[in-house]
Amino acid sequence: MAGYIARRLVWMAFLLFVITLLTFIIFSVLPAGDPAVARAGRQPSAELIATIREQLGLDKSKPTQFLNYIGDILPFVGGNGVYFGFSYQNNTEVLPEILERMPVTIFLTAGAVILWLAIGIPIGVLSAVKTGSWMDRLAMGIALVFISAPVYFLGLVVLYLFDNKIGIWKLLPGNSAYLEAGSIGEKAAALFLPWCVLAAAFAAIYARFLRGNLIDTLQEDYIRTARAKGLSERRVVFRHGVRAAITPIVTLLGLDIGLLLGGAILTETVFNIPGIGRYAYNAITVSDLPVIQGTVLFGAFFIVLMSLIVDILYAFIDPRVRY
Amino acid sequence: MAARSPLQLFWRRFRRDKVALAALTFIVLLILVAIFAPVIRNVLGLPDPNAGSTEALDDFGLPAGPSSEHPMGVDALGRDIMSRVLDGARVSLLVAFIGTGLSVIIGVTMGMIAGFYRGWVDTGIARTIDVLLAFPVLLLGVGLASACSGREGCLGGALQPGLTVVITIIVIGNWPYVARIIRGQVLSLREKEFVEASKSLGASNTRIIFREILPNLVAPIIVYATLFIPANILLEASLSFLGVGVQPPQASWGQMLSDASSIISSAWWFMLFPGLALLFTVLAFNLVGDGMQDALNPKSSRQR
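Residues numbered from 1 in each chain as written. Chains lettered and ligands numbered in written order. Predicted model: local features only at pLDDT ≥ 70, side-chain atom pairs only at ≥ 80, totals over all residues.

Colleague: Any chance you could explain the overall build of chain B here in plain terms?
Modeller: When its secondary structure is counted, chain B shows 11 helices and zero strands. For chain B, the succession of helices and strands along the chain, N to C, is α-α-α-α-α-α-α-α-α-α-α. Oriented by its inertia axes, the alpha-carbon framework of chain B measures out at about 80 × 50 × 30 Å. The burial tally for chain B puts 47% of its 304 residues in the buried class. (Helix = DSSP H or I, 4+ residues; strand = E, 2+ residues; numbered from the N terminus. Buried ≥ 20, exposed ≤ 12 C-beta atoms within 10 Å, placed from the backbone.)

Colleague: What should I look at first to understand the overall build of chain A in this one?
Modeller: Along its length, chain A carries 17 helices and zero strands. In terms of its C-alpha atoms, chain A occupies a principal-axis envelope of roughly 85 × 60 × 35 Å. Burial analysis of chain A (323 residues in total) assigns 39% to the buried set. In chain A, 63% of the contacts between residues at least 6 apart in sequence involve partners at least 24 apart. (Contact = placed C-beta atoms within 7 Å.)

Colleague: Please explain helix H13 (residues 233-245) of chain A as it appears in this structure.
Modeller: Three- or four-residue spacings in an α-helix give side chains the same orientation, since the helix completes a turn every 3.6 residues. All names here are of chain A. Among all positions of H13, only Val 236, Val 237, Gly 241, Val 242 and Ala 245 are buried. Down the axis of H13, the buried set is contained in an arc of 135°. They therefore lie on one face. Exposed residues on H13 whose side chains face more than 90 degrees from its buried face are Phe 238 and Arg 243. (Arc of directions from axis to C-beta.)

Colleague: Would you mind showing me how to read the confidence of the model for chain B here?
Modeller: Reading predicted coordinates in detail is not appropriate for stretches of low pLDDT. Scored by pLDDT, chain B has a mean of 88; 96% of the residues are at 70 or more. The ipTM value of the predicted complex is 0.91, and its pTM value is 0.92. (pLDDT = per-residue confidence, 0-100.)

Colleague: What is the right way to look at the interface of chain B and chain A in this model?
Modeller: Across the contact, 46 residues belong to chain B and 47 residues belong to chain A. When residues of the side of chain B that touches chain A are assigned to their parent elements, the largest contribution, nine residues, is made by helix H11 (residues 268-296) of chain B.

Colleague: Please explain the packing of helix H7 (residues 163-189) of chain B against helix H9 (residues 205-241) of chain B as it appears in this structure.
Modeller: Helix-helix packing is characterised by the crossing angle of the two axes and by the distance between the axes. Residue and element names in this part refer to chain B. It is at 10 Å that the axes of H7 and H9 come closest, and there the two elements cross at 155°. By the angle class used here, H7 and H9 are roughly antiparallel. You can see that H7 and H9 cross each other, and the crossing is right-handed. Within the contact between the two elements, H7 uses Val 166, Ile 170, Asn 174, Val 178, Ile 181, Ile 182, Gln 185, Val 186 and Leu 189 and H9 uses Ile 213, Asn 216, Leu 217, Pro 220, Tyr 224, Phe 228, Asn 232, Leu 235, Glu 236 and Leu 239. Here the residues of the contact of H7 with H9 are counted per class, giving 14 nonpolar, four polar and one charged. (Axes fitted to C-alpha atoms, helices over the stretch in contact; angles between N-to-C directions. Parallel < 35°, antiparallel > 145°, perpendicular 65-115°, else oblique. Left-handed = near helix turned anticlockwise from the far one by under 90°. Nonpolar A, V, L, I, M, F, W, Y, C, P; charged D, E, K, R; others polar.)

Colleague: For this particular structure, what's the right way to read the environment of A:Thr267?
Modeller: Here A:Thr267 shows up in helix H15 (residues 265-271). When the C-alpha positions of A:Thr267 and A:Leu108 are compared, they lie 9.5 Å apart, and in sequence the two are 159 residues distant.

Colleague: How do you make sense of the environment of B:Asn286 when you look at a structure like this?
Modeller: Relative to the assigned elements, B:Asn286 resides in helix H11. For B:Asn286, a count of 21 C-beta atoms within 10 Å corresponds to the buried category. For the pair B:Asn286 and B:Val142, spaced 144 residues apart in sequence, the C-alpha to C-alpha distance is 25 Å. Ignoring sequence-local partners within four residues, the contact set of B:Asn286 consists of A:Leu144, A:Ile147, A:Ser148 and B:Pro230.

Colleague: Help me understand the nonpolar core, please; the structure alone is not making it clear to me.
Modeller: Nonpolar side chains in soluble globular proteins tend to end up buried together. The biggest cluster of nonpolar side chains holds 172 residues, and the ones touching the most others in it are A:Leu156, A:Ala199, A:Ala200, A:Ala280, B:Val142 and B:Leu257. With 16 residues, helix H11 (residues 192-217) of chain A is the largest single contributor of residues to this core. The contact partners of B:Val142, leaving out residues within four places of it in the chain, are A:Ala280, A:Ile284, A:Ile292, A:Val296, B:Leu242 and B:Val244. (Core = buried A, V, L, I, M, F, W, Y, C linked by C-beta atoms within 7 Å.)

Colleague: Would you take a moment to explain unusual backbone geometry for this structure?
Modeller: One can expect most non-glycine residues to show negative phi and most peptide bonds to be in trans. Here the bond from B:Pro248 into B:Pro249 is cis, since omega is 10°, no more than 30 degrees from zero. With respect to the helices, strands and loops of the structure, B:Pro249 is situated in the loop between H9 and helix H10 (253-260). Here the phi dihedral of A:Asn272 falls at roughly 50°; this positive angle occurs in a residue that is not glycine. Along the chain, A:Asn272 falls in the loop between H15 and helix H16 (276-285). Notably, B:Arg118 is not glycine yet its phi reads approximately 50°, a positive angle. For B:Arg118, the location among the structural elements is in the loop between helix H4 (81-117) and helix H5 (119-134).

Colleague: Looking at this model, I keep getting lost on the confidence of the model for chain A. Mind explaining?
Modeller: When pLDDT is averaged along chain A, the result is 87; 96% of the residues meet or exceed 70. Within chain A, helix H8 (residues 151-162) of chain A carries the highest mean pLDDT (95), whereas helix H5 (residues 75-78) of chain A carries the lowest (58).

Colleague: Please explain helix H4 (residues 62-73) of chain A as it appears in this structure.
Modeller: Residues and elements named next belong to chain A. The terminal C-alpha atoms of H4 lie 16 Å apart, and with 12 residues this matches the ideal 16 Å at 1.5 Å per residue to within 8%. For H4, every residue scored as buried is listed here: Tyr 69, Asp 72 and Ile 73. Buried residues of H4, viewed axially, fall in a sector of 90°; they line one side. Opposite its buried face, H4 presents the exposed residues Pro 63 and Thr 64, each directed more than 90 degrees away. (Expected span 1.5 Å × (residues − 1).)

Colleague: Explain the packing of H9(B) against H11(B) to me, please; I cannot follow it from the model alone.
Modeller: Residue and element names in this part refer to chain B. Contact geometry for H9 and H11: axes closest at 9 Å, N-to-C directions at 160°. In terms of orientation, H9 lies roughly antiparallel with respect to H11. Regarding H9 and H11, the two cross each other, and that crossing is left-handed. Residues Ala 219, Pro 220, Ile 222, Val 223, Thr 226, Leu 227, Ile 229, Pro 230, Ile 233, Leu 234 and Ala 237 of H9 form the contact with H11, whose own contacting residues are Leu 278, Thr 281, Val 282, Phe 285, Asn 286, Val 288, Gly 289, Met 292, Gln 293 and Leu 296. By residue class, the composition of the contact of H9 with H11 is 16 nonpolar, five polar and no charged.

Colleague: For this particular structure, what's the right way to read the environment of A:Ser87?
Modeller: Position of A:Ser87 among the secondary structure elements: in the loop between H5 and helix H6 (94-129). In this structure, the C-alpha to C-alpha distance between A:Ser87 and A:Arg39, residues 48 residues apart in sequence, is 9.4 Å.

If you want it as structure tokens, here you go:
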């Protein structure tokens, strides 16, 4: 087990290095424009551009710039005390800005995860047990619609219907509500619609996934054995079937959480929730490259981290994985 | 009795799924609509998708709703929404088809090379796939698209913002999945008796790859391509929604939704029609993909 974890850790470190390199290439090597010019403002003098180039280290060779960038990400290596570079927009360091928005994104993700598991798993199990029934068909039909609907369209529709300022039925806090929310209760209320919208698509995916897995599992020999032993159907389905069928969901869940923690950019944009995703979106609208680069890297980091956690968890649950 | 090819068997099974067949019909119609969008516009007497007119805006600059002149209303610049939804279909399908097609070509080639030759080539390709799969596509897309959004573009101007960037992102994001699936299939196919038979007859590697192995991959390739297309339509729409995909004034559904988001309370039609177009298109492809998966794999668990 220790050897397995060690191998995964080495792989994770390698992945993070490659991802950092790719991000650096995308943002610093590919663009034909000069970042110093982008930063200098309108009609800059040649001296100003030269000064900025020197300040940002843009006059150095690309490999040196890459080493400097690694130093920015891992300040204990580079020791230059810069965290993820500076925003073009307002010259603030990127990492503190991201971390400041982290709690909002975690809150959004956590609520949505709980909601979609609470909806998706029961529907998946019921659909698998009652395969072919009208309920199964209806549930899977609705699920496919939610999978096909982009979150921002769904988001706009629920805002149009339920937003307490502009909606037809002024029921719930909607767009920008989080910005005005003070107490934790108000914040939760502000996130209710985003949670539902985000959970809708994921609940649909999980229900479909679990249903397929459970149907396959219920065909296994050991299920027949369990039935032959005279166990109740409820016990067969839950203790023997669901338990085995739900394991792959751990992987799916881990990766989805990793994806959302990096910023639920579309959901946060539609509802104007001040999380990491909205930070990235604001940066996109003004081409603030260091901020976008920082959020991309941060997001990729979460995905790699979560896939590591998932791999290790999985090795505990299913010992066959530890090769 | 003539033997049926795998593709014929596949079609016979697919035909039985009425919902999938209806969805396929919808897709064929949609493709026709996309191709003949300018003709349809003329027949219906709709204005050019980029022609804005202030006449369709009221005194407060708010757009007018659906009318006989503008069946889906107009947007904030007074442009006809139906005309733009039709034009958006062209972009959406074009990007998804080209992107998916290129991903499949690259993915199948890489997957076959890795699976057939094995050894260090396989290790190299498999590791590359693992790295790329660890990279979130939307984030990567946002990064690449915004890095290339400057006036100069990327790679000395070779990669301009807009369609090229979106297609590049789709290809980078998709080919690893295709390659991984194909590699697995080839690894098992290459051990089959018919490959051995061909080898013992003195067939070259090229012949074995193209004449023996590739035909067996056609059905899974079609199925996976059908499943990738809706995902790519959504990806294009998402990038355009975020402002880094298809560039204005070219109409695209994602961008229309983004423009509509600030005035949903006063112009529901601006958000509704592009949104429904996107939803129905993706749904149709998903239904066809599901049907194809069942037809390819009759033991599959979707319906029993």
